[in-house]
Every structure is written in structure tokens, then in C-alpha cells.
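Here are the chains, one letter per residue:
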Amino acid sequence: MPQRKSATRPEASKISWKERFGSLQYIPRFFSKIRDVSPRLFYANLFARIVNSATPVLLLWVGKLILDEVVLQIDAADKDFTRLWGLVAVELGLAVLSDLISRVINLTDTLIGDLYSNRSSVEIINKTAEIELSQLEDTDFYDKLERARRQTVGRVSLMSGIMAQFQDSITVISLITALVVFEPWLIALLILAVIPAFLNEIKFSQKSYSLARGWTAERRELDDLRYVGASDVTAKEVKLFGLTGYIADRFKKLSDEYYKVTRKLAIRKNLWGGVFNVLGVLSYYGAFVLIIIRVVAGVLTVGDLTFLSGSFNRLRNQLQAIFFRFSQITESSLYLKDYFDFLDLETISGDSKSVIPVPEDIRDGLEFVDVWFKYPGQQDYVLKGVNFKVPAGKKLAFVGENGAGKTTLIKLALRFYEPAKGVILLDGKDIREFGKQEYQNLFGVIFQDFVKYNFSAGENIAVGNIKNVNNQTKISEAAAQSLADEVIATLPRKYDQKLGRRFTNGLDLSGGQWQKIALARAYMKDAKIAILDEPTSALDARAEYEAFQRFIGLTDGKTAIIISHRFSTVRLANTIVVLKDGKVLEKGSHETLMENNGLYAELFSLQAVGYH
Ligand SMILES: Nc1ncnc2c1ncn2[C@@H]1O[C@H](COP(=O)(O)OP(=O)(O)OP(=O)(O)O)[C@@H](O)[C@H]1O
């Protein structure tokens with residue numbers, strides 16, 4: 001594995017102040033989404049915050065009145081504590097109320113946060129479904145998706161952050177008003193105390209975002225290494241090949257590099273933060289001394305002293321919190337930009353305006369006419385002028401060496417990608433003219449890398465046509481057709497047996513058993529065109545032969561494409577297309593190809609020898 005040099009690292013891709021603050025424009029859209037999750041909770045939260053924003057200044061004010069009353073009573077000849085106890089009761093009431101409201105705020109924050117995070121996860125899942133495979137395979141795009149996904153939790157704290165900001169701003173306004181009325185010069189001191197710390201905060205949070213963003217790919221690599229090094233899926237190989245040291249080492253190297261840059265930034269941020277904080281403390285004590293002097297001179301009362309110094313201190317802390325949070329908010333809203341960018345992403349090849357209906361029944365067949373294709377961002381063509389036809393109701397098989405382009409042909413037939421040149425026709429019509437969804441619905445496809453869902457056995461079959469997830473008859477029939485019923489009969493909880501090892505009570509199957517389950521998906525829907533891309537490679541030779549014979553028998557009269565490396569299977573097809581380096585080398589029935597004595601005949605004989 002080539003080691004990358006630190007010099008080639010994306011040294012904190014620069015983000016301008018405009019970009020930084022520009023991202024705040026996403027906040028209204030973000031809030032309207034939050035409100036829509038639950039207007040009741042949202043407005044309750046807002047109301048509670050408004051009420052609670054007034055309590056600090058009220059508490060300080062009542063505290064001042066209490067002290068003044070105490071001083072009054074000390075000197076009074078006729079002591080009367082009625083007012084004093086009344087004030088203490090008010091103070092107590094305010095404190096209890098403030099605590100209760102804080103709890104309401106916390107509760108509604110959590111509830112809205114949970115609801116919103118659930119909803120946005122669903123949104124991301126839905127959006128991903130709309131996106132073209134070619135986009136999903138693009139690294140830049142994948143980074144964007146990654147950032148959007150990672151932020152599900154971050155967005156919740158962003159919400160409470162903004163709400164708290166709103167609440168604190170009201171508190172600050174009330175405290176400032178109190179200070180302006182009493183001692184306006186205190187405000188000047190206050191500005192001196194907080195502005196430098198604020199600028200420092202902004203500067204460093206911007207740097208840390210740039211850094212994290214610049215390192216997205218590396219952080220993804222770290223995640224991947226963490227997964228490879230510590231997962232049940234990889235454990236077998238990692239242990240056997242003794243890879244732990246190698247993986248841990250790679251992880252350590254990369255994470256150390258990342259740590260070094262983040263440490264440097266964290267130290268600088270905290271050093272400067274410390275300096276500016278001292279400035280803040282000095283200004284507070286400056287203000288304190290000035291107030292004391294005025295109290296001693298008799299201009300202010302002792303109550304005023306506690307009120308003003310309390311207000312000043314509270315205001316300083318509150319302002320610092322606001323500024324600190326502000327930089328967090330602008331940082332999170334940069335992620336918000338990633339999230340909305342993702343949601344707003346144009347799905348590239350949407351249907352053209354005038355789509356034509358897909359055929360009810362395939363009459364002519366599926367035809368590739370001089371199809372050329374290369375993967376996005378790649379230099380070389382993977383398909384180079386491919387021509388073949390799957391006549392309606394017939395079975396066609398692809399054979400060819402690894403990497404010849406068989407799966408790519410399927411991806412093109414399914415419109416996951418578009419040909420660079422040439423055209424694919426269904427019943428004589430360019431497949432791009434059909435509505436994509438309707439067109440893709442014509443197919444029943446099982447890929448070689450089919451997904452092993454951590455669902456029940458029944459659901460794992462039903463995914464072939466999820467509408468029928470509750471139709472046990474249909475699921476059992478499909479299982480019987482693919483011989484998955486024999487596998488299911490051995491499971492303790494039969495169709496309800498959870499598969500996979502991820503969850504407790506889950507049961508893993510052998511490769512061949514999984515394939516039988518996956519194969520059953522092909523029988524779940526009455527697809528017009530069935531495609532099996534090597535989903536039977538883990539079956540033993542006899543089982544695969546049997547599976548295909550059944551498949552051909554059960555889909556009699558249906559159009560089907562089969563990819564297999566086993567010639568005993570391939571020969572069952574009506575037409576066989578031999579691919580080599582993205583070109584069709586030969587095509588015809590088994591008999592014709594054997595007579596031709598070309599590559600097919602050679603490979604067939606080679607395998608036949610292997611069987612004897
Ligand atoms: N997403 C992709 N991006 C770039 N290149 C790809 C991608 N998928 C496949 N390729 C390349 O396209 C070529 C054809 O791959 P394809 O999967 O179609 O081969 P195949 O004939 O199905 O092989 P196998 O028998 O091993 O399954 C290969 O050289 C492969 O490296």
C-alpha cells in the first residue's frame with residue numbers, strides 16, 4: 001500500500017468568511033423542517049424559552065431588593081420582616097419556576113431532536129434511492145453523502161443551540177437594559193471583555209471545520225480500517241492472515257497524522273482562548289472595583305452592588321456563551337449546507353418529458369445495438385460495440401472471463417448507466433423513452449453480490465417483491481421453486497427465523513443456502529424479463545444445474561438472461577453470447593458454438609475435462 005506523504009494532504013481547504021456566514025441562510029429552512037416535525041412541541045419549546053429568558057434578571061433584581069431590605073432592617077428601630085420574607089418567597093418561587101421550565105425545555109428539545117433525527121434519516125434513505133448508481137459510485141458524491149449522514153446527531157444539537165441562542169439573546173437584552181439604566185459605562189468594559197474572545201472563537205472554529213472537511217477522505221479510510229479490524233465479517237481473514245498488526249499499524253499512522261494537526265489547532269485555540277479569558281476576568285474585577293467605590297461613596301446601595309456585579313458577570317458569561325455558540329452554529333450550518341446540497345441534488349438522467357408506456361408483454365425482445373460504454377471518470381471502454389438480441393420468450397446466457405463486461409451489460413440493460421454510444425432497444429424502442437421506474441419494474445434481477453438482509457428468512461425472500469411481504473403463500477411458493485424451502489425447513493423458527501449474525505437470535509447460513517434464499521426472490525414477482533447474474537456460484541455443480549433447470553422450466557416462455565461460469569448451466573440457454581474484452585466474440589446455440597470450435601468450445605472442453 002503506497003504511503004501518502006503529509007505534503008499531499010489536503011491542508012485545510014480554505015473556507016471564506018462569506019461561505020462561512022453564508023451558510024446561515026440555511027437556518028430558516030432548517031427551522032421550518034423542525035417545526036413541521038411537531039408544531040406543538042416546537043411552539044411549547046419556544047414559549048418556555050421566552051418565559052425562562054426573563055428569569056435571570058428577575059432573580060438578580062429580587063436578590064438586590066432582598067439585600068437592600070436586609071440593610072434597612074439592620075438599621076431600623078422597629079423591625080418589620082413582612083416585606084423581606086415576601087421577597088424571599090418570590091425569589092424562591094422564581095428559582096423553582098425557572099428550574100421547572102428548564103426541564104420542559106430539555107424535554108421538548110430531546111423529543112423534537114429525536115423526531116427530527118428520525119425524519120431526516122428517512123429523508124436521506126429516500127433521497128439515496130432517487131440517486132443514480134453512477135453518482136453513488138462517485139467519490140466526491142460519496143463524501144457529501146457521508147457528511148450529510150454523519151450530521152444526523154449534529155443537527156439535533158444545532159437546533160437546541162439556535163433555540164438557546166434565541167433565549168440567551170433575550171436574557172442579554174434584559175441584562176443590558178438593566179446595566180444601561182444604572183451604569184452605562186459598564187457596557188464599554190463588557191465589550192472589551194468579550195469581543196476579542198469571540199473573534200478568536202470564530203477564527204479557530206473556521207479552521208477546525210476546514211480541517212475536518214479537508215480530511216473527509218482520510219477519516220473515511222479510518223472508519224473503514226476500524227471496521228476491517230474489528231468486525232465479525234472480516235474476522236476470519238484478519239485472524240488467518242494475521243492482519244491485525246498491519247491494520248492497526250495503518251490505522252495508527254493515519255490517525256496519528258490527523259491527531260497531530262488537530263492537536264496543533266486545539267493547543268493554539270486554547271492558548272489564545274486563555275489569554276482572552278484573562279482579559280475578561282480583569283474587566284469583571286475592574287467593574288467590581290468601580291462599583292464598590294461608588295457604593296462606599298454612597299451613590300449606590302449594597303443591593304445595587306450585588307445586582308450590578310451579578311448582572312455584569314452573568315452578562316459576560318452569557319455573551320461568551322452566545323459568541324461561542326454562534327461559532328458552533330455557523331460551523332454546524334456549514335454541515336447543514338452539505339445536508340441540503342445532498343437533498344437538493346439533481347438526479348441526473350431524469351425521465352425525458354414525454355415517456356412512452358412500457359409494453360404489456362414483450363413481443364420482440366431486448367436488443368443491444370453497437371453499444372459502447374466506459375465507467376464515469378475512467379479512460380478505457382469496458383464495452384466496445386456490443387451487438388446481441390434476447391428474443392422474447394428465450395433464454396440468453398453470457399459467458400466470458402472475469403472482467404469481460406457481463407455485469408456491466410446487465411447494469412446498462414437496467415438503465416443504471418447509459419451507453420456512451422449505440423442504443424438499447426426493447427421491442428424496437430430506445431429504452432430511454434420509457435419511464436425509468438416502470439421500465440425497471442419489468443425486470444426481476446438477482447445479482448452475484450445480492451444483499452443478505454438482517455431480516456427474517458421470509459422477508460429475505462419477500463424483498464423480491466416487497467408488496468407481498470405479508471403474503472405467506474406467495475413466499476412459500478417462491479421458496480419451493482428455488483429449493484429455499486429445504487433450507488427453511490432446517491431453521492428453528494422457519495420463515496420467521498432472523499438471518500445474519502448482526503442481531504441476537506440471528507442465524508447465519510452457508511453461501512449456498514443464502515443463494516437459494518436469494519434465488520427465491522426471482523420467483524416473487526412475475527417479471528417480464530428475469531436476470532440471474534451468477535447467484536448460484538456457491539451451489540455445488542449438481543445443485544446449480546438443478547436450480548437452472550428449474551428456473552428454465554418455471555419461467556418457460558419468459559425472457560431471461562443468465563450469467564454463469566458453469567458451462568453445464570450455460571448450455572441450457574437458447575443463445576449463448578461469448579464476451580471477451582468488452583466485445584462479442586461468438587454467439588449462437590451450444591451446438592453451433594461447439595461446431596464453430598472457437599473460444600466457447602475450448603472453454604467448454606476445458607471444464608468438461610475438469611469434471612471427469
Ligand atoms: N463501478 C465501476 N467503476 C469502474 N470500473 C468498473 C466498475 N464496475 C466494473 N468496472 C470494470 O469494468 C470491467 C467489467 O466489469 P464487469 O463487472 O462487467 O465484469 P464481469 O464480466 O461481470 O466479471 P466477473 O465474471 O468477474 O463478474 C472490469 O474491468 C471492471 O474493472
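Rules behind the numbers
- Residues numbered from 1 in each chain as written.
- Predicted model: local features only at pLDDT ≥ 70, side-chain atom pairs only at ≥ 80, totals over all residues.
- UniProt positions renumbered as here; feature names shortened; annotations may be inferred.
- Helix = DSSP H or I, 4+ residues; strand = E, 2+ residues; numbered from the N terminus.
- Rg over C-alpha atoms; globule rule 2.2 N^0.38 Å.
- Buried ≥ 20, exposed ≤ 12 C-beta atoms within 10 Å, placed from the backbone.
- Contact = placed C-beta atoms within 7 Å.
- Domains from an automatic or database assignment.
- Near = placed C-beta within 6 Å.
- Nonpolar A, V, L, I, M, F, W, Y, C, P; charged D, E, K, R; others polar.
- Core = buried A, V, L, I, M, F, W, Y, C linked by C-beta atoms within 7 Å.
- Pairing = 2+ DSSP bridges.
- Axes fitted to C-alpha atoms, helices over the stretch in contact; angles between N-to-C directions.
- Parallel < 35°, antiparallel > 145°, perpendicular 65-115°, else oblique.
- Left-handed = near helix turned anticlockwise from the far one by under 90°.
- pLDDT = per-residue confidence, 0-100.

The protein has the name ABC transporter ATP-binding protein in an unreviewed UniProt entry, where Sinomicrobium weinanense is given as its organism. Comment text from UniProt for the protein, heading Subcellular location (unreviewed entry), reads "Cell membrane".

J.: An account of the overall build of the protein is requested, with residue identities and associated values reported.
T.: On a plain count of helices and strands, the protein comes out with 22 helices and ten strands. Against the globule reference of 25 Å for 612 residues, the protein gives a C-alpha radius of gyration of 35 Å, more extended than a compact globule. Projecting the C-alpha coordinates of the protein onto the three principal axes gives extents of approximately 125 × 55 × 55 Å. Burial statistics for the protein: of 612 residues in total, 28% are counted as buried. Sequence-distant contacts, at least 24 apart, represent 75% of the contacts inside the protein between residues at least 6 apart.

J.: Give a description of the domain arrangement of the protein that names residues and reports values.
T.: Each domain of the protein was delimited in the assignment, giving domain 1 (27–344) and domain 2 (452–526). Computed over C-alpha atoms only, the centres of domain 1 and domain 2 are separated by 49 Å.

J.: Give me the UniProt feature "transmembrane region" (unreviewed entry) in the protein: which residues, what numbers.
T.: UniProt annotation of "transmembrane region" (unreviewed entry) refers to residues 41–62 and 172–199 when read in the numbering used here. Between the end C-alpha atoms of residues 41–62 there is a gap of 31 Å, over a span that is 95% helix and 0% strand. For residues 172–199, the helix share is 93%, the strand share is 0%, and the end-to-end C-alpha distance is 19 Å.

J.: Give me the site of the ligand: which residues, what numbers.
T.: Around the ligand, the surrounding shell consists of Glu137, Tyr375, Gln378, Val382, Gly400, Asn402, Gly403, Ala404, Gly405, Lys406, Thr407 and Thr408. By residue number, the principal contributor to the shell around the ligand is helix 13 (residues 406–413), which donates three residues. Split into classes, the residues belonging to the shell around the ligand amount to three nonpolar, seven polar and two charged.

J.: Account for the nonpolar core, naming residues and giving values.
T.: One broad trend across soluble globular proteins is that nonpolar side chains are buried collectively. Among the nonpolar cores identified, the biggest contains 67 residues, and Ile461, Ile517, Ala520 and Ile576 are the most heavily contacted of them. Broken down by element, the residue count for this core peaks at six residues, all from helix 18 (residues 511–522). Every residue in contact with Ile461, bar those within four places of it in the chain, is listed here: Ile475, Ala478, Ala479, Ala484, Ile517, Ala520, Arg521 and Met524. In this structure, Ile34, Phe42, Tyr116 and Phe342 belong to the second largest nonpolar core, which totals 19 residues.

J.: Can you tell me about the sheet that holds strand 2 (residues 383–391), naming the residues and giving the values?
T.: Reading across from one edge, 2-1-4-5 is the order of the four strands in this open sheet, with antiparallel pairing throughout. Since the sheet does not close on itself, it has two edges, and those belong to strand 2 and strand 5 (429–430), each with one partner. Relative to strand 2, strand 1 (residues 365–373) runs antiparallel, the two sharing seven bridges. In the strand pairing of strand 2, Leu366 is matched with Val390. Those strands touched by helix 13 are strand 1, strand 2 and strand 4 (421–426), and its axis lies near 115 degrees from that of strand 1.

J.: Break down unusual backbone geometry for me, with residues and values.
T.: Look at Asp370: it is not a glycine, yet its phi comes out positive at around 45 degrees. Since 13 C-beta atoms lie within 10 Å of it, Asp370 is described here as partly exposed. Phi is positive for Asp427, close to 50 degrees, though the residue is something other than glycine. Checked against the element boundaries, Asp427 lands in the loop between strand 4 and strand 5.

J.: Can you explain the packing of helix 4 (residues 55–75) against helix 5 (residues 82–130)? Please cite residues and give values.
T.: Their axes nearest at 9 Å, the elements helix 4 and helix 5 cross at an angle of 160 degrees. One finds that helix 4 runs roughly antiparallel with respect to helix 5. Read as a crossing pair, helix 4 and helix 5 show a hand that is left-handed. Along its contact with helix 4, which presents Thr55, Leu58, Leu59, Val62, Gly63, Leu65, Ile66, Glu69, Val70 and Gln73, the element helix 5 presents Arg83, Leu84, Leu87, Val88, Val90, Glu91, Leu94, Ala95 and Ser98. Considering only residue class, the contact of helix 4 with helix 5 consists of twelve nonpolar, four polar and three charged.

J.: Give me the sheet that holds strand 3 (residues 395–400): which residues, what numbers.
T.: The sheet built from six strands is open, its strands ordered 6-7-8-3-9-10 with mixed pairing. Taken across any chain shown, the strands that pair with only one partner, and hence form the sheet edges, are strand 6 (443–446) and strand 10 (583–588). Averaged over all pairs of adjacent strands, the angle between their axes in this sheet comes to 15 degrees, without regard to strand direction. Relative to strand 8 (residues 559–563), strand 3 runs parallel, the two sharing four bridges. Paired with Ala397 across the strands is Ile562, a residue of strand 8. With respect to the sheet, helix 18 is in contact with strand 6 and strand 7 (529–533), its orientation differing from that of strand 6 by roughly 175 degrees.

J.: Account for the confidence of the model for the protein, naming residues and giving values.
T.: Predicted coordinates in regions of low pLDDT should not be interpreted in detail. Per-residue pLDDT for the protein has a mean of 85; in total, 94% of the residues score no lower than 70. Low pLDDT, under 50, characterises residues 1–8; the stretch is placed with one contact to residues that sit more than four places away or in other chains. Overall fold confidence for the complex sits at a pTM of 0.70, while the interface term, ipTM, reaches 0.96.

J.: Residue-level account of the environment of Arg316, with values.
T.: In this structure, Arg316 sits in helix 12 (residues 302–344). For the pair Arg316 and Tyr284, spaced 32 residues apart in sequence, the C-alpha separation works out to 8.1 Å. Those residues in contact with Arg316 that lie beyond four places of it in its chain are Leu190, Ala193, Val194, Gly280 and Tyr284.

J.: Describe the environment of Val355, and please don't skip the residues or the numbers.
T.: Topologically, Val355 is positioned in the loop between helix 12 and strand 1. Between the C-alpha atom of Val355 and that of Ile105, which follows or precedes it by 250 residues, the distance is 51 Å. Every residue in contact with Val355, bar those within four places of it in the chain, is listed here: Glu433, Phe434 and Gly435.

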